[in-house]
Amino acid sequence: MRSTGKLHLGNYVGALANWVKLQQTHDCYFFIADWHALTTDYADTSQIKQNTLDVMIDWLAAGLDPQRCTMFIQSHVPQHAELHLLFSMITPLGWLERVPTYKEQQQNIKDKDLNTYGFLGYPVLQAADILIYKGDFVPVGEDQVAHIELTREIARRFNGFYKGSRNQEVLPEPQPLLTPTPKLPGTDGRKMSKSYDNYILISDPESVIRQKLKTMVTDPARVRRNDPGNPDVCPVGDLHKIFSSSETVEKVYAGCRSAGIGCIECKGWAADSIVGTLAPMQERRKKYENDPRAAWDIIEAGNAKARKEAEITMLEVREATGLSHDFPARRSGADSAKR
Ligand code: SF4
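Residues numbered from 1 in each chain as written. Predicted model: local features only at pLDDT ≥ 70, side-chain atom pairs only at ≥ 80, totals over all residues. Heavy atoms only, no water.

Peer 1: Where do I start with unusual backbone geometry in this structure?
Peer 2: The phi angle of most residues is negative, glycine excepted, and most peptide bonds adopt the trans form. Even without being glycine, Lys134 reaches a positive phi, approximately 50°. One non-glycine residue, Asn167, lies in the positive phi region at around 65°. Note on placement: Asn167 falls in the loop between α9 (145-161) and β4 (175-178). Residue classification places Asn167 among the exposed positions, given a relative accessible area of 57%. (Helix = DSSP H or I, 4+ residues; strand = E, 2+ residues; numbered from the N terminus. Buried < 20%, exposed > 50% of the residue type's maximum accessible area, 1.4 Å probe, protein only.)

Peer 1: How should empty space enclosed by the protein be read in this particular structure?
Peer 2: Any empty space left between the atoms is revealed when a probe the size of a water molecule rolls over them. Inspection of every chain in the model, using the stated rule, returns 1 cavity of 30 Å³ or more. Quantified by volume, the largest cavity comes out at close to 100 Å³. Looking at the largest cavity, it is lined by 13 residues, and the ones nearest its centre are Cys234, Val236, Cys256, Cys263 and Cys266. Sorting the residues of the lining of the largest cavity by element identifies α11 (235-243), α12 (246-257) and α13 (263-290) as the ones contributing at least two each. If one sorts the elements of the lining of the largest cavity by residue count, α13 sits on top with 3 residues. Each residue belonging to the lining of the largest cavity can be placed in one class, and the counts come to 8 nonpolar, 2 polar and 3 charged. (1 Å grid on protein atoms, 1.4 Å probe; cavity = no way out; pocket = protein on both sides within 12 Å on 5 of 7 lines; lining within 4 Å. Points joined across faces, edges and corners; volume = space filled by probe spheres on them. Nonpolar A, V, L, I, M, F, W, Y, C, P; charged D, E, K, R; others polar.)

Peer 1: Sorry if this is basic, but what is going on with the layout of surface pockets here?
Peer 2: In this model, the second largest pocket occupies a volume close to 280 Å³. His84, Tyr117, Gly118, Gly121 and Tyr122 are the residues nearest the centre of the second largest pocket, which is lined by 16 residues in total.

Peer 1: Please clarify how the site of the ligand should be interpreted in this entry.
Peer 2: What surrounds the ligand is the set Thr218, Asp219, Arg222, Pro231, Cys234, Val236, Cys256, Cys263 and Cys266. Its atoms largely coinciding with the cavity grid, the ligand occupies the largest cavity. Each residue belonging to the shell around the ligand can be placed in one class, and the counts come to 6 nonpolar, 1 polar and 2 charged. (Near = heavy atom within 4 Å. Sits in = over half its atoms within 2 Å of the grid points.)

Peer 1: In this structure, what is going on with helix α4 (residues 79-90)? I would like to understand it.
Peer 2: An α-helical turn contains 3.6 residues, so a residue and the one three or four places further along point in the same direction. The end-to-end C-alpha distance of α4 is 17 Å, a good match for the 16 Å that 12 residues give at a rise of 1.5 Å each. Regarding α4, the residues found buried are Gln79, His80, Leu83, Leu86, Phe87 and Ile90. Projected onto a plane normal to the axis of α4, the buried residues spread over an arc of 130° and lie on a single side. Of the surrounding secondary structure, the elements contacted by the buried residues of α4 are α2 (34-40), β2 (69-73), α8 (122-131), α9 and α14 (292-320). (Expected span 1.5 Å × (residues − 1). Arc of directions from axis to C-beta. Contact = heavy atoms within 4.5 Å.)

This is the structure:
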């Protein structure tokens, strides 16, 4: 996850909630991608460290548990950069230019110059992020599957050029672990995003959540109180489907379609559900808000563990690529001396 600062409900529903489950069943590595953040936000790095800490605090609030998973900061494990560099030697430019998000983001993000080497190469860095832990699975949404495929192609190309000490393949090809990503609209009905300023933060106090809900757009067909509406085309209806109990959802469908309830009442129920979902997270959050150093200590322990794992892979990678730090085996010199 990029170091974008405090997280919103879209981050929770789209990734974090699933990660909290995955930590029970898999040996998970989660990292805050500060180098990836620089691929688009390189011009001003003044907030990056605070943003990283804010992400970490929200992860802990959401229920990621340092006893069950490894959490770390990408740039604190420099081995990622070393593997990225080696991959950049073997990755054809055409592969990167074909990545669907490359052109799309260049067209959509107009206020930044994205004609940079780092921006083109960020899928290569992503490949290094995954392969350095020999990841078997990467939890992603449908839109990220192309990136995992590229990672698999890079692993294959690497394995084609270089072999391990017993002639084995060094890097396994990871599989995407498809995550259902329910549609989570922001208050203006578009996808919830910091860039649209339409978000509800995990850390928003109850009064702010209720206020934001009040301004949320609804089914445009419900102009007057007695016009019937349709929760399936209403962003508030989408929130109910994610956060409300089945009883509440039933009440919303019946009341909206018959114009038996008003939108203000319906939004109040949605706010209740969101406040109820966030309450245990905000309770956990308090501890780290009051003692952010404790969150930083957890990151540092995760950084150390990740560095150790990453270095194990890099020893193999350096050996395979002929770049190990050992004194050169004198085979060719000895051979020529014999001759
Ligand atoms: S009653 Fe609820 S679901 Fe129906 S239009 Fe109003 S806010 Fe949307």
